[in-house]
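Next come the chains, spelled out residue by residue.
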Amino acid sequence: MKRYFLKNACTLCFVSALLIVAAAGCVKLERASLDRTYYTLDAVRDRQNATSRVTDKNLIVRRMKVSSRYEDKDLVYQVAGNIYEADYYNAFFVPPASMLTQELKVWMGDSGLFANVLGPESMGAGEFMLEGVVNSLYGDFSGESPKAVIKMQFFMFNNADPNMPIIYSRNFSEEVPIKDQTASALVEAMNTGISMIFAELEKDVAKVVEDVSKVANDQE
């Protein structure tokens, strides 16, 4: 008789343990959600200022590089002197290098300067190659007048020449006032500065490509 009750008791314990495990698998743990806001970088061109085509050649836009200080998704603020802070709760939707590469590709494509504008992932060939480096991309809140600071450097190569000579290089710097000390206002100012840089870059590239095309035509 003892063996019978002992056996049943063990069986009940085993079944109870299985039920507890099964129930635990159905439990939904409630966790406090992190209130994060995500932003995108968008270069907006003035359609009236688009440049007409100056060459039937293709342009390759290489992936832009961003300084290690600003390559992460979190927005960066200068709060005093050499003191910077990363804002975990306000961040870019994807790393800035990816967004800026895409924005530059679209911008140059919309310019109408080239027959085709190819991205870094393309297997196509291009006679010209453009690459850029972002040296600064942050909000300066260290003074009385907050501003977005954007600094970029661009290089253009003659990809048709086996030596790939640099045919253009320039540093750009824009400091755009911020309407108020908020993340959304900072990103808006950044987009304004980026658009200004891209517009100036487009003018330079148009002149360079035109000069290169003239030299090539004279040599034929």
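Just so we're clear, the structure is a prediction, and the values are computed from it rather than from any experiment. (Residues numbered from 1 in each chain as written. Predicted model: local features only at pLDDT ≥ 70, side-chain atom pairs only at ≥ 80, totals over all residues. Heavy atoms only, no water.)

**Overview of unusual backbone geometry**
Then comes step 1: Phi at Met164 is positive, roughly 45°, even though this residue is not glycine.
Then comes step 2: Examined against the element boundaries, Met164 turns out to sit in the loop between strand S8 (147-158) and strand S9 (166-177). (Helix = DSSP H or I, 4+ residues; strand = E, 2+ residues; numbered from the N terminus.)

**Regarding the environment of Gly109**
Then comes step 1: Following the sequence through the fold, Gly109 ends up in helix H2 (residues 96-111).
Then comes step 2: With 48 residues separating them in the primary sequence, Gly109 and Val61 have C-alpha atoms 10.0 Å apart.

**Comments concerning the side chain of Asn158**
Then comes step 1: Residue placement: Asn158 occurs in strand S8.
Then comes step 2: At 3.1 Å, the side chain of Asn158 and the backbone nitrogen of Ala160 are in polar contact.
Then comes step 3: Beyond its immediate chain neighbours, meaning those up to four positions away, Asn158 contacts Glu127, Met164, Pro165 and Ile167. (Polar contact = N/O pair within 3.5 Å; in protein donor to acceptor, adjacent residues only side chain to side chain. Contact = heavy atoms within 4.5 Å.)

**Topic: the nonpolar core**
Then comes step 1: Core analysis: the biggest nonpolar cluster contains 51 residues, and Met108, Phe114, Met152 and Phe154 have the highest contact counts within it.
Then comes step 2: Of all the secondary-structure elements, those providing two or more residues to this core are strand S2 (58-61), strand S4 (74-80), H2, strand S7 (128-140), S8, S9 and helix H3 (183-219).
Then comes step 3: The element best represented in this core is H3, accounting for 14 residues.
Then comes step 4: Among the nonpolar cores identified, the runner-up in size contains five residues, and Ile60, Met129, Phe155 and Phe157 belong to it. (Core = buried A, V, L, I, M, F, W, Y, C linked by side-chain atoms within 4.5 Å. Buried < 20%, exposed > 50% of the residue type's maximum accessible area, 1.4 Å probe, protein only.)

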